[in-house]
Amino acid sequence: MDFSKMLHTFSVVPSLSGDLSPLQRIAYNLWWCWEPDAINLFRRMDADLWQATRHNPVEMLGILQQTTLETLQSDEGFMAHLKMVDEKLDDYLQEKTWFQKNADGHSTMKVAYFSMEYGLHESIPIYSGGLGILAGDHLKSASDLGIPLVGVGLLYRQGYFRQYLNNEGWQQEYYPENDFYNLPLVLERDDSGTPHTIELEFGPRKFLARIWRVQVGRVPLYLLDTNLEENSPEDRLITAKLYFGDQEMRMLQEILLGIGGIRALRTMGILPNICHMNEGHAAFLALERIRLLMERRDVDFSEAREIVRAGNVFTTHTPVEAGIDHFPESLLEKYFGRYYHSLGLSSNEFFGLGRQNPKNHQESFCMAVLALKLASHANGVSQLHGEVSRKMWRNIWPELPDEQLPLTYVTNGVHTRTWMSYQMSSLLVRYLGNRWRDDPADHGAWRRIARIPDAELWRTQQSCREKLVDFARKRLKQQLVKVGATLKEISIAEEVLDPEVLTIGFARRFATYKRGTLLLRDLDRLARILNNPEMPVQIIFAGKAHPQDHEGKELIRQIVQVSHQERFRHRIVFIEDYDMEVARHLVQGVDVWLNTPLRPMEASGTSGMKVAFNGGLNMSVLDGWWCEGYQRNNGWAIGKGEVYEDTEYQNQVEGRAVYDLLEKEVVPHFYERGSDGIPRAWVGTMKASLQSLCPVFSTERMVQEYTTTTYIPSYAQWNRLVADDLALALDLARWKERIFKAWPQVRIEHAEAQVSEAVAVGSSIPIGARVALGELELDEVAVEGYFGVLDSTGVIQGGESVTLEHVSALGNAVHQFAGRIECRFCGRHGFMLRVMPRHKLLGPIYEPGYLLWG
Ligand SMILES: *Cc1c(COP(=O)(O)O)cnc(C)c1O
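The paragraphs below set out a description of the structure included in this document. Given the structure is predicted, the values throughout are model-derived calculations rather than measurements.

Concerning the sheet that holds strand E26 (residues 814-822)
Piece 1. As summarised here, the arrangement of the four strands in space is E21-E22-E26-E25, forming an open sheet in which the pairing is antiparallel. The open sheet is flanked by strand E21 (747-753) and strand E25 (805-811), the only strands paired with a single partner. The mean angle between the axes of side-by-side strands here comes to 20°, regardless of whether they run parallel or antiparallel.

With respect to the environment of Arg-738
Piece 1. The residue Arg-738 is located in helix H31 (residues 699-742) in this model.
Piece 2. Taking relative accessible area as the criterion, Arg-738 reaches 41% and is therefore assigned partly exposed.
Piece 3. When the C-alpha atoms of Arg-738 and Gly-762 are compared, they prove to be 42 Å apart, with 24 residues separating the residues in sequence.
Piece 4. A distance of 2.4 Å separates polar atoms of two side chains, one belonging to Arg-738 and the other to Glu-780.

Quick notes on the site of the ligand
Piece 1. Residues in close proximity to the ligand total 14 residues, the closest being Lys-514, Ala-583, Thr-606, Ser-607 and Lys-610.
Piece 2. Lys-514 places a side-chain nitrogen or oxygen 3.1 Å from an oxygen atom of the ligand.
Piece 3. Within the complex, 93% of the 390 Å² of free accessible area of the ligand lies under protein.
Piece 4. Residues that form the shell around the ligand fall into these classes: five nonpolar, five polar and four charged.

Structural notes on empty space enclosed by the protein
Piece 1. Evaluated as defined, the whole model comprises four cavities of 30 Å³ or more.
Piece 2. Approximately 70 Å³ is the volume found for the largest cavity.
Piece 3. Listed by contribution, the elements that provide at least two residues to the lining of the largest cavity are helix H18 (416-419) and helix H20 (435-438).
Piece 4. Both domains that meet at the lining of the largest cavity, namely domain 1 (10-94) and domain 3 (421-473 + 499-697), each give it at least three residues.
Piece 5. Within this model, the second largest cavity holds a volume of roughly 50 Å³.
Piece 6. What lines the second largest cavity is Ser-421, Gln-423, Cys-464, Lys-467, Leu-468, His-585 and Gln-588.
Piece 7. For the lining of the second largest cavity, the secondary structure elements donating two or more residues are helix H22 (454-482) and helix H26 (580-589).
Piece 8. With three residues, the single largest contributor to the lining of the second largest cavity is H22.

Each value, and the rule that gives it
- Residues numbered from 1 in each chain as written.
- Predicted model: local features only at pLDDT ≥ 70, side-chain atom pairs only at ≥ 80, totals over all residues.
- Heavy atoms only, no water.
- Pairing = 2+ DSSP bridges.
- Helix = DSSP H or I, 4+ residues; strand = E, 2+ residues; numbered from the N terminus.
- Axes fitted to C-alpha atoms, helices over the stretch in contact; angles between N-to-C directions.
- Buried < 20%, exposed > 50% of the residue type's maximum accessible area, 1.4 Å probe, protein only.
- Polar contact = N/O pair within 3.5 Å; in protein donor to acceptor, adjacent residues only side chain to side chain.
- Near = heavy atom within 4 Å.
- Areas by Shrake-Rupley, 256 points an atom, 1.4 Å probe, with all protein chains shown as cover.
- Nonpolar A, V, L, I, M, F, W, Y, C, P; charged D, E, K, R; others polar.
- 1 Å grid on protein atoms, 1.4 Å probe; cavity = no way out; pocket = protein on both sides within 12 Å on 5 of 7 lines; lining within 4 Å.
- Points joined across faces, edges and corners; volume = space filled by probe spheres on them.
- Domains from an automatic or database assignment.

Here it is in C-alpha cells:
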C-alpha cells in the first residue's frame, strides 16, 4: 500500500502571541546571526535547547514549552532585551545605506546573484565550503551596504553531508533531512495564496519547482525546490543533495539554478538587469535571459546577446580546468536539443558557446567558457588567481595579450560581523567607537587599533583561546562517546589541550592540494616542537573530504592516527564535522592559522581572513589572498612563492620551512614575555595584522568593489543598449554583422617608427601606419600602437596602447595614420600595430577573430 498517497500534510507553527511576536520576526531574518544582542537573546531563552537545535531559533521557538514562554513573558529583563533587539532590527532596516548615499541615479539597478551554495549559518546546511561561505557573506554585506540585490540558489533536502570518524579515523558520511518547516523559510505565494511554481521541460524531463525565501537582512534569497508531490521520484531528487550524483544530475541542478532561477524571479515580478554568476554553475542563466528577450521583444539571438552580455557578471573561483563543469555533447543534445533551436542556433553554434575555440570539436562544453563569453565583466578572486585565470582562458581571446584580456580580479573578503568574536568586537567598540563596524573598509578607523592597551588585547585573545579549548574538549568528548570509547579515554578528552599554550589551527577541505599533512612529515621533530616544556605548542585540525575523495579521507585518517599517539595525545586534536560553528570557534580562538596549499591552487582562501579579524596571525604559503595580505610585520610566509616542477620536492622543502619557522620565529615570539606575562612583541604583530588586513579583506570592501567596478558599469551599459526600444543594441548587432563581413579586406600595409638605436627615457617616438580599410568607413576602425618593454623572449610585458590619428587618404581605401609612443621606462622596447572595429558610440570593440596585428 502506498501510504504517501493517503498522507495529508499540514504544518504547525509556533504560537507567539502579543508581546512575544517580535521573536518570530527576528528568527525569520538572518540579520540575527551577525548581531550578538540577538544571538544572546535566543541563547538566554534556553541555552541547552539553543545548543541542541544547532542555534536554530525557528526550531527552538517551535519546541519551547508554553510554560517557558509564559515565564519569559513575565520576565521584565527578558522583555526589555527583546524590545531592544526588535528596535535594532528596525533601525537596521531603515538606516540610510552606503548605496543610497553613493549611487544616485542607479535607482532602477537590480542585481540577481546566483550561486549553487550559500553558507549563511550552521543551522541552514546548504553549503559545502569556501564558495558557499563567500556567497553568504556577499549577501550579508550587500544587505549592510543596501545594494539592490537578491540571491538565487537551490534548497537541498539533505544539503552537504555531515562527517564523523570511526575508530580508525576513517571519515563516515550521513545526510540528515532538512526540515523546511523548522528553518527560517517562507514559501513564496501569489496574491491568491497559491505557491508560486515554475515549470521546466528539458529533454525527457518535465518538472516543477517551488520557491522559498530566506530573508538576509534587507536581501531576499530565493531557493528552488523540486521535492513536490507532482514531480516524478527522480525529479524530486534534483534538489536532494549538494555536489552529489553524476554529470546528468549536475546538469539538471544547473538547469534548475540558471534557467529555473530566472523563471522564478520573473514569476515573482523581479526583473534583474544585472545577473552575477558565482562560478560557472549558474551560466545557463545567460541563455534563458537571451531566450526571454527574443521572445518578448522579437529580436534575434545576436541582438539579444548584446544586451544580456552587458548585464552579466561572472566570478570564477577555480585555478584548474578539472575543477570546472564540462558536459559532453550527448548530454547537451539530450537536454538542450529543443532549447537551442528555440534560440535560433545550430548545434555547432550552441556547442561553440562552451568551447574556447568554437571550431575545435574536441573541446567539451565548459560552463566557465559559456559564462566568460556571455558576461561583460569577469574576474578571479585574488590578484594571483586573476593571472592564473587569464592563462587558463586566454584562448577565448586569441588576439589579445595577457594583460588586456577582459578577465580581472576582485579579491575575496569575509563578513566582519559574522566572523568576529563578541569579545573582540566589544573591545573594538570600547576603543575605536563604531566607525570600523559601519564602514569596515575605512583604513583610518582601523588605525586606531594602536590605542588599545596591549594587556587588554592580550586578555581578549586569552579568553577566546580558552573558549576554543573548552569547545574542543566538549566536541572531542562527544566524538568519543559516539564511537563507544572507554571511560578512561573519555576522561582524557577532558584534559586535552591547554588554554595557555600557543594554539595553531588548521581547518579546511581535505583536498590533496591543501596538503593537510605537511606538518606531519617529520613526527619526531614535530613532537619536539609540541612538547617543548618551556614553549609548548598545540594544533587543532578540522575538515571534510569529499565523499568520493579517497586520498582526502586518507589524509584525515593519518592525522587522527597521529593524534592518538601517546606523545601527541594532549597536543593534537581533530574536531569532526567542520561547519560554520566549528569554523567560528577556531578562527576566533587560535593564535596562528596555518595554511599550506600548493601554489597556485588556492584561488583565494578566506578562513585566514576570518582569523585576522580576531587578532590571530597567519602563517601561510604565498598563495591566494596571502600574496596580497602578507607584509613581513603582520604574519609569516612559508617560502617565497616558488613553484617547483617536482611536487614531492616542494613538499619536502616547504615542510621543512614550516618547522623552521615555528622553531626559530613563531614559537619564541609567542613566549617572549615581559615581567607582566604579556608578549608585547606578539601583541605588536597582532595589531599590525589587524590594522593592515581588516580594512582590506572584508566583503564590505569586496561588495563595494563589485558595485563600483562591475555592477554600476554593467548597468550603465545595459541601460544604453536598451534605451529607446533597444535602439543601440539593434544597431550594434547589425553593425557587427556588417563589420564581420567586410573584415577580411582590412590590411595593415606598412608600419613604421622613426627611431634611432637608443632613445632617452621620457622621449616620445613618432609612429605611423598605412592601413587598407576595404569597405569600412574611416571611423569604423581603431588603429592602435601597442608598445612596452620586451622580456627576454621578446614579448611585450605590461604593454600599453595608444590610438593613432588619421593623417591622409592615399586612395583605394588606403589611409595613413600617425601617433606617438612615450618611452617612460628603460630597457628594450617593442611596438606593434593593431586594428580593431570601432563603433561610433561605443568605441573600439574587440571580438575574437576580428583584431588584426601588424
Ligand atoms: C571559511 C570557511 C571555509 C573556506 O575556507 P578556506 O580558507 O577557503 O579553506 C570553508 N568551510 C567553512 C566551514 C568555513 O567557515
